[in-house]
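# Structure at a glance
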Amino acid sequence: NGIDMQDYFMRYTLDSFAEIGFGVKINSMKDDVNMFAKAFDLVQMHCNRRGRVGPFIWKAQETLFPPKEFKSSVDYMND
């Protein structure tokens with residue numbers, strides 16, 4: 001069994017950025033699955049997808065099919 005170093009690097013970076021930039025301790029290294037890190041990753045992938053398809057397409061897609069998981073992840077991160 002191997003260790004997923006990419007997951008640890010992402011968590012460490014997220015913890016460092018949140019504490020330095022916003023003074024908030026996320027402590028994503030403590031839990032096996034950190035909900036903030038998971039929500040952040042989902043929002044980041046969604047925004048990346050928006051950038052690839054362009055503003056006209058993503059706005060039409062999200063009007064027809066509202067991204068519930070994206071919105072709930074953004075709400076979780078804002079709490």
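We now turn to the structure provided with this report. Predicted, not measured: the structure shown is a model, and the values here were computed from it.

Cut-offs and rules
- Residues numbered from 1 in each chain as written.
- Predicted model: local features only at pLDDT ≥ 70, side-chain atom pairs only at ≥ 80, totals over all residues.
- Heavy atoms only, no water.
- Axes fitted to C-alpha atoms, helices over the stretch in contact; angles between N-to-C directions.
- Helix = DSSP H or I, 4+ residues; strand = E, 2+ residues; numbered from the N terminus.
- Parallel < 35°, antiparallel > 145°, perpendicular 65-115°, else oblique.
- Left-handed = near helix turned anticlockwise from the far one by under 90°.
- Contact = heavy atoms within 4.5 Å.
- Nonpolar A, V, L, I, M, F, W, Y, C, P; charged D, E, K, R; others polar.
- Buried < 20%, exposed > 50% of the residue type's maximum accessible area, 1.4 Å probe, protein only.

### Quick word on the packing of helix 2 (residues 35-53) against helix 4 (residues 68-78)
Here helix 2 crosses helix 4 at 130°, and the two axes come no closer than 9 Å. One element, helix 2, and the other, helix 4, form an angle in the oblique class. By crossing handedness, the relation of helix 2 to helix 4 is classed as left-handed. Mapping the contact onto sequence places Met35, Phe36, Ala39, Phe40, Leu42, Val43, His46, Cys47 and Arg50 in helix 2 and Glu69, Phe70, Ser73, Val74, Tyr76 and Met77 in helix 4. Broken down by class, the residue content of the contact of helix 2 with helix 4 amounts to 11 nonpolar, 2 polar and 2 charged.

### Describing the side chain of Glu62
If you trace the backbone, Glu62 turns up in helix 3 (residues 55-64). Using a relative accessible area of 17% as the deciding quantity, one classes Glu62 as buried. For Glu62, the residues in contact, after removing those within four places along its chain, are His46, Arg50 and Pro67.

### A few points about the side chain of His46
Here His46 is to be found in helix 2. Aside from chain neighbours lying at most four places away, what touches His46 is Glu62, Pro67 and Phe70.

### Regarding unusual backbone geometry
Residues other than glycine seldom take positive phi values, yet Asn27 does so here, at roughly 55°. Mapping Asn27 onto the fold places it in the loop between helix 1 (5-22) and helix 2. For Asn27, a relative accessible area of 35% puts it in the partly exposed group.

### Side note on the environment of Met35
Topologically, Met35 is positioned in helix 2. Given the relative accessible area of 44%, Met35 is considered partly exposed.

### Structural notes on the environment of Val24
Following the sequence through the fold, Val24 ends up in the loop between helix 1 and helix 2. The class of Val24 is partly exposed, set by a relative accessible area of 43%. Leave out the neighbours within four places in its chain, and Val24 touches Ala18 and Glu19.

From the geometry alone we can't say anything about function, so treat these as descriptive.
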